[in-house]
Amino acid sequence: MRPRLALLPLFLLAACDTEESADPAQLLGRRLLVLDSDGGSTSIGLLDPADGSFLEHIAPTGAVPNHLHREGDRLYVSCSGDDRLLCYSIGDSSLVLERNWAFNEIDELPDPQERRYGLWASVTHDGLVYSTLGSTDEIGVLDPQSGEWSRFATGRWPQGLLRRGDRLYVACTGFDPADFSYGASELRVYGLPGIEELYRVPLAPNCQALAFAGDGTLLALSSGDYDQVTGTLQGLDPVDGGLLFSASLDDYPGQLEVAGNRVWLAAWGQYDLTPGGEQSGLVYCYDLAGQAWLRGSGMGLEVGAGATDLEWSGEELLVSCFAADQVCVIRGDSLSACYTAGDGPGALLWLE
């Protein structure tokens with residue numbers, strides 16, 4: 001178990017002496033926030049994809065940060081390593097930690113660092129923060145003002161989380177840690193704030209990620225079981241969960257990003273989860289308008305090993321590659337560059 005970090009507010013430029021730091025007014029604009037979660041130095045970094053310059057450790061996080069969520073001028077980071085949720089304020093040239101909630105400490109467990117809940121992803125609605133708690137098959141609900149929180153049961157090992165309007169969409173992977181197997185995966189949808197279950201529908205095995213297409217279609221990405229069952233991209237009617245399309249892929253994609261009519265998928269490429277491997281990650285592309293693969297099985301675009309997350313900047317696709325310690329840039333339909341980006345880059349967030 002990694003030691004808990006001393007989480008104190010940091011100004012972005014506190015320890016930077018680069019030429020760029022001399023003019024901080026636009027430092028956060030048109031940059032990429034990168035969660036680094038390997039090497040014992042879990043933190044947030046900042047990449048400028050125009051020239052590949054990377055600022056490390058601009059702010060600390062908890063152990064094993066997984067997910068970034070922005071709500072106005074607030075940034076929320078979910079950390080599964082110590083079940084910690086952090087809130088930062090986003091300024092023109094600063095990222096400052098404001099609040100730090102450790103659910104294990106709130107529950108007064110004997111070991112505050114015990115990984116009890118498996119906090120993975122978080123979204124906000126009407127002043128509350130909703131988080132997937134994979135280890136307990138629950139959704140946590142935190143009131144940031146009072147610090148009080150509650151939980152309600154959902155499907156097996158929830159991971160992906162999405163909110164639109166007053167609906168909360170939860171991807172339940174079906175993962176069983178007892179034997180590392182994947183049972184039935186499903187989508188569960190709740191009405192907020194009353195936590196009314198509106199419907200549930202089965203999904204392809206191990207659904208980890210959700211997103212909305214431009215036309216409102218709900219996209220569900222299932223990774224498969226990393227053995228016999230491979231990945232599937234499904235399109236659903238968000239009103240009732242009706243299946244609109246299903247597209248299979250001979251790989252195990254873990255994350256998706258929508259860019260216009262294209263859906264980009266990232267596949268790790270190295271399934272023993274060992275950093276430093278040589279097997280490339282792969283990026284695939286599905287055309288929503290034509291409902292066909294532009295880059296499907298056997299046609300993945302090679303990037304660095306451990307392709308983990310994707311982010312669309314409006315002009316280019318940015319791909320974090322955990323095992324290669326890189327962020328790769330795709331322009332058009334080709335790999336443009338790969339830049340060093342700290343230790344174990346994972347979740348990404350583009351800042352305008």
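Residues numbered from 1 in each chain as written. Predicted model: local features only at pLDDT ≥ 70, side-chain atom pairs only at ≥ 80, totals over all residues. Heavy atoms only, no water.

**Overview of the sheet that holds strand β31 (residues 345–351)**
The 4 strands are arranged β3-β2-β1-β31 in an open sheet whose pairing can be described as antiparallel. The open sheet has two edge strands, β3 (53–60) and β31, and neither has a second partner. For this sheet the average axis-to-axis angle between neighbouring strands, irrespective of direction, equals 25°. Both strand β1 (residues 31–36) and β31 contribute to a ladder of 5 bridges, which runs antiparallel. Looking across to β31, one finds that Leu33 is bridged to Leu349. (Pairing = 2+ DSSP bridges. Helix = DSSP H or I, 4+ residues; strand = E, 2+ residues; numbered from the N terminus. Axes fitted to C-alpha atoms, helices over the stretch in contact; angles between N-to-C directions.)

**Some details on the state of the cysteines**
Disulfide: a covalent bond connecting the sulfur atoms of a pair of cysteines. Enumeration according to the criterion identifies 1 disulfide in this entry. Note on cysteine connectivity: Cys328 is disulfide-linked to Cys338, with sulfurs 2.1 Å apart. Because the torsion about its S-S bond is 105°, the bridge between Cys328 and Cys338 counts as right-handed. Of this pair, Cys328 sits in strand β29 (residues 326–331) while Cys338 sits in strand β30 (residues 334–340), and the two are 10 residues apart along the sequence. Looking at Cys328, the relative accessible area reads 0%, which means it is buried. In this structure Cys172 is a free cysteine whose sulfur lies 8.8 Å from that of Cys207, the closest cysteine sulfur available. Classification of Cys172 as buried rests on a relative accessible area of 1%. Here Cys321 stays free of any disulfide, with the sulfur of Cys328 as its closest cysteine sulfur at 3.9 Å. (Disulfide = S-S within 2.5 Å. Buried < 20%, exposed > 50% of the residue type's maximum accessible area, 1.4 Å probe, protein only.)

**Looking at the pairing of strand β5 (residues 74–79)**
Each regular strand displays side chains that alternate between the two surfaces of the sheet. Among the 6 residues in β5, 5 count as buried, and that is most of the element. Judged from the 6 bridges that link them, strand β4 (residues 65–71) and β5 form a sheet pairing that is antiparallel. Bridge pairing in β5 links His67 to Ser78. Adjacent in sequence and paired antiparallel, β4 and β5 are bridged by 2 residues, among which Gly72 carries a positive phi angle near 65°. Bridge analysis of β5 against strand β6 (residues 84–90) gives 6 bridges, and the strand direction is antiparallel.

**Focus: the environment of Ala59**
Relative to the assigned elements, Ala59 resides in strand β3. Taking the C-alpha atoms as reference points, Ala59 and Val96, 37 residues apart in sequence, are found 7.2 Å from one another.

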